[in-house]
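Results of the structural survey
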Amino acid sequence: MSVDLTAAVGFMAGHARTLDRHRLNLILGQGDPAAAFSAVDGYRNPDGGYGWGLEPDLRSATSQPGGALHAFEAFADIGTPTPRAVELCDWLQTNSPAGGGLPFAFPISDPAGCAPFWVDADSKAPSLQITSIVCAAAARVAEFDEAVAEHPWFASAVRYCLGAIAGADSLHALELAFALQFLDAVHSSNPEVSSLVNALGKRIPADGLVHVDGGAEGEFMRPLDFSPLPGGPTRALFDAAVIDSELSALAARQHDDGGWAVDFDSYSPAAALEWRGHATVQAVWLLKRNGVI
């Protein structure tokens, strides 16, 4: 496997958001946490939530669960406690319906540049898809931030996700991937995770490829979407050779310009470019955490 990190940094300089440039530098061990915090703050609203296109296909200024996901991603990369993470948990607690599950999106009054699935989302019904992936990202922060780990929103979201996964008759490919990422993230403190992982694993073929219904023609959830990190229970769902092959394929998908791309559709010119920066950060993070670079 060959990855050109110099080219990746160069790609980010010419194409990516300031926030994602800071995130990549932090992952490579050469970043400035204070500058990264400032970059995240540019997407923050006074209510403690995040919007303003922090989720690239959700250009609305309004605070949204999708914005919370990406804020937690950045906080996890920074790796030091911040009051902003607790304030985000407070916002989630205030806006979560009874039972702990977040709606896929809250009402959007400024839909320009937003993907239809965000605009048309049911703002009343809890969504396992968004709650599980937001909670998984928050769990990364909770590893070093006790205030997040002990926050009542986090506890209620974990309970909701565990119950929803146990009771799910069928799961969309994205729900399946995000549910497994969530289970990996909380497995150390929840003994029921092992049986839930085994049950969900039966829905994944041996090659680990699950097509995203309603997505782009070549859009699949892949083994690293179901089990991005070593050491958790989801890795037992795949042969080592499958994971090694996926890591090699991920490294090989670096473009000549140094960046990576996504396999799903974007809904604005800004999002198309911003997703490439996000994908490049994600690719380098995965390859580094899996010992490839």
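Placed above this text is the structure.
Note that the structure is predicted; figures quoted are calculated from it, not measured. Think of each chain on its own: its residues are numbered from 1, step by step along the sequence as written. With the structure being a predicted model, the display of local features is reserved for residues of pLDDT at least 70 and the display and counting of side-chain atom pairs for 80 or more, all residues being used for whole-chain, interface and lining totals. No hydrogens and no water enter the side-chain calculation; it runs on all heavy atoms of the structure.

1. What to know about the packing of helix 13 (residues 240-252) against helix 14 (residues 269-289)
To define axes, lines are fitted to C-alpha atoms, for helices over the stretch in contact only, and angles between the resulting N-to-C directions are given on a 0 to 180 degree scale. Segments assigned H or I by DSSP are reported as helices when at least four residues long, segments assigned E as strands when at least two residues long, and all are numbered from the N terminus. Across the interface, helix 13 lies against helix 14 with an axial gap of 10 Å and an inter-helix angle of 140°. When the axis of helix 13 is compared with that of helix 14, the two are oblique. Of the two possible hands of crossing, helix 13 and helix 14 adopt the one that is left-handed. Residues Leu247, Leu250 and Ala251 of helix 13 touch helix 14, and the partners they reach there are Ala283, Leu286 and Leu287. Each residue is assigned to one class: nonpolar for Ala, Val, Leu, Ile, Met, Phe, Trp, Tyr, Cys and Pro, charged for Asp, Glu, Lys and Arg, and polar for all the others, Gly among them. Considered class by class, the residues forming the contact of helix 13 with helix 14 number 6 nonpolar, no polar and no charged. Orientation categories follow fixed angle ranges, with anything under 35 degrees roughly parallel, anything over 145 roughly antiparallel, 65 to 115 roughly perpendicular, and all other angles oblique. Working rule for handedness: look at the near helix, and if it is turned counterclockwise from the far one by less than a right angle, call the crossing left-handed; if clockwise, right-handed. Contacts are assigned to residue pairs with any non-hydrogen atoms lying within 4.5 Å of each other.

2. Section: the packing of aromatic side chains
Stacked, tilted and edge-to-face pairs are distinguished by plane angle, under 30 degrees for stacked and over 60 for edge-to-face with tilted covering the rest, among Phe, Tyr and Trp rings (Trp via its six-membered ring) whose centres lie within 6.5 Å. This structure, assessed with the given rule, holds 12 aromatic pairs. For the ring pair Phe37 and Phe75, a centre distance of 6.2 Å and an interplane angle of 45° mean the geometry is tilted. Of this pair, Phe37 sits in helix 3 (residues 33-41) while Phe75 sits in helix 4 (residues 65-78), and the two are 38 residues apart along the sequence. Across this residue pair, the class does not change: Phe37 and Phe75 are buried. Between Trp153 and Phe154, the ring centres sit 6.3 Å apart and the planes meet at 50°, which makes this aromatic pair tilted. Taken individually, Trp153 and Phe154 each receive the classification buried, so the pair is uniform in this respect. Type-normalised accessible area, obtained with a 1.4 Å probe on protein chains alone, sets the label of each residue: buried when under 20%, exposed when over 50%, and partly exposed for intermediate values.

3. A word on the environment of Leu88
With respect to the helices and strands, Leu88 occurs in helix 5 (residues 83-95). Along the backbone, Leu88 and Gln282 are 194 residues apart, and their C-alpha atoms lie at a distance of 22 Å. Setting aside chain neighbours within four positions, we find Leu88 in contact with Gly48, Gly49, Tyr50, Ala68, Ala71, Phe72 and Phe75.

4. Remarks on the environment of Trp275
Structurally, Trp275 is set in helix 14. A sequence separation of 218 residues divides Trp275 from Asp57, and the C-alpha atoms of the two residues are 8.7 Å apart. If near-sequence neighbours (up to four positions away) are discounted, Trp275 is found in contact with Glu55, Pro56, Asp57, His70, Val262, Phe264 and Ser266.

5. Some remarks on the side chain of His70
Position of His70 relative to the elements: it lies in helix 4. Within the local environment of His70, its side chain forms a polar contact with the side chain of Glu73, the two groups lying 2.8 Å apart. Polar contacts, as used here, are pairs of N or O atoms within 3.5 Å; protein pairs need one atom able to donate a hydrogen and one able to accept it. Residues neighboring in sequence count only if both atoms are side-chain atoms.

6. Brief notes about the nonpolar core
Phe72, Phe75, Phe182 and Leu183 are the most contacted members of the largest nonpolar core, which has 96 residues in total. At 11 residues, helix 7 (residues 128-142) tops the list of elements feeding residues into this core. By convention a nonpolar core is built from buried Ala, Val, Leu, Ile, Met, Phe, Trp, Tyr and Cys residues, the set being connected through side-chain atoms within 4.5 Å.

7. Focus: helix 3
Within the span of helix 3, buried status applies to Ala36, Phe37, Ala39 and Val40. Along the axis of helix 3, the buried residues cluster in a sector spanning 160°; they form a single face. Buried residues in helix 3 make contact with helix 2 (18-27) and helix 4. Structurally, the start of helix 3 carries an N-cap: the backbone nitrogen of Ala34 is 3.1 Å from a side-chain oxygen of Asp32. Each C-beta atom gives one direction from the helix axis, and the arc is the one those directions make.

Function-wise, these values are silent; they only describe arrangement.
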